[in-house]
Amino acid sequence: MERRDNMPIWVFFGLSSINSRKGALILFWSCFAFGIACIPFSPALPWLPTTGPGCFACGIVPIPSSYRLDDWSWSGLTFIVALWYWLCIRWIDKNSTWETQPQ
């Protein structure tokens, strides 16, 4: 994506290598899904079983305790990045246009 005169620097840095709205949405939803996926591994959910029929993955895949995260940093960071991408997408939608794809 090329920087336009009216584009803030935070939008340019957020979407600098993304040329289409579809690519930006894929990036947003990937970050959001990764944030959701990190929540079961956090220490804030000690009641979540890691093996057996009540397991996070329905007992199919046991989650070893070594995979539990020590804090909320991964989940929190991915949600902040997903919010940044969403705000960038909104700014482009309202104030600019996406580059057209050559066909």
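These figures come from a predicted structure and were not determined experimentally. (Residues numbered from 1 in each chain as written. Predicted model: local features only at pLDDT ≥ 70, side-chain atom pairs only at ≥ 80, totals over all residues. Heavy atoms only, no water.)

Engineer: Explain a nonpolar patch on the surface to me, please; I cannot follow it from the model alone.
Structural biologist: A contiguous nonpolar surface patch, about 670 Å² in accessible area, is contributed by Ile9, Trp10, Phe13, Leu83, Trp84, Trp86 and Leu87. Here the nonpolar patch gets 4 residues from one element, more than from any other, and that element is helix H3 (residues 73-95). As for its position among the elements, Trp10 is in helix H1 (residues 9-14). Judged by its relative accessible area of 37%, Trp10 falls in the partly exposed class. (Patch = residues over 30% accessible without salt bridge, like charges linked within 9 Å, V, L, I, M, F, W, Y side chains within 5 Å. Areas by Shrake-Rupley, 256 points an atom, 1.4 Å probe, with all protein chains shown as cover. Salt bridge = Lys/Arg side-chain N within 4 Å of Asp/Glu carboxyl O. Helix = DSSP H or I, 4+ residues; strand = E, 2+ residues; numbered from the N terminus. Buried < 20%, exposed > 50% of the residue type's maximum accessible area, 1.4 Å probe, protein only.)

Engineer: Please explain H3 as it appears in this structure.
Structural biologist: With 23 residues, H3 should cover 33 Å at 1.5 Å per step; its first-to-last C-alpha distance of 32 Å lies within 8% of that length. For H3, the full list of buried residues reads Ser75, Thr78, Ala82, Tyr85, Cys88, Ile89, Trp91 and Ile92. Where H3 is buried, its residues contact H1 and helix H2 (21-38). (Expected span 1.5 Å × (residues − 1). Contact = heavy atoms within 4.5 Å.)

Engineer: Please explain the pattern of salt bridges as it appears in this structure.
Structural biologist: Side-chain pairs of opposite charge can arise where the charged atoms are in close proximity. Using the criterion set out here, one finds 1 salt bridge in the structure. With its nearest N and O atoms 2.9 Å apart, the salt bridge here joins Asp93 to Arg21. Pair noted here: Asp93 is in helix H3 and Arg21 is in helix H2, with a separation of 72 residues, a long-range link.

By themselves, these are just geometric observations and shouldn't be taken as functional.
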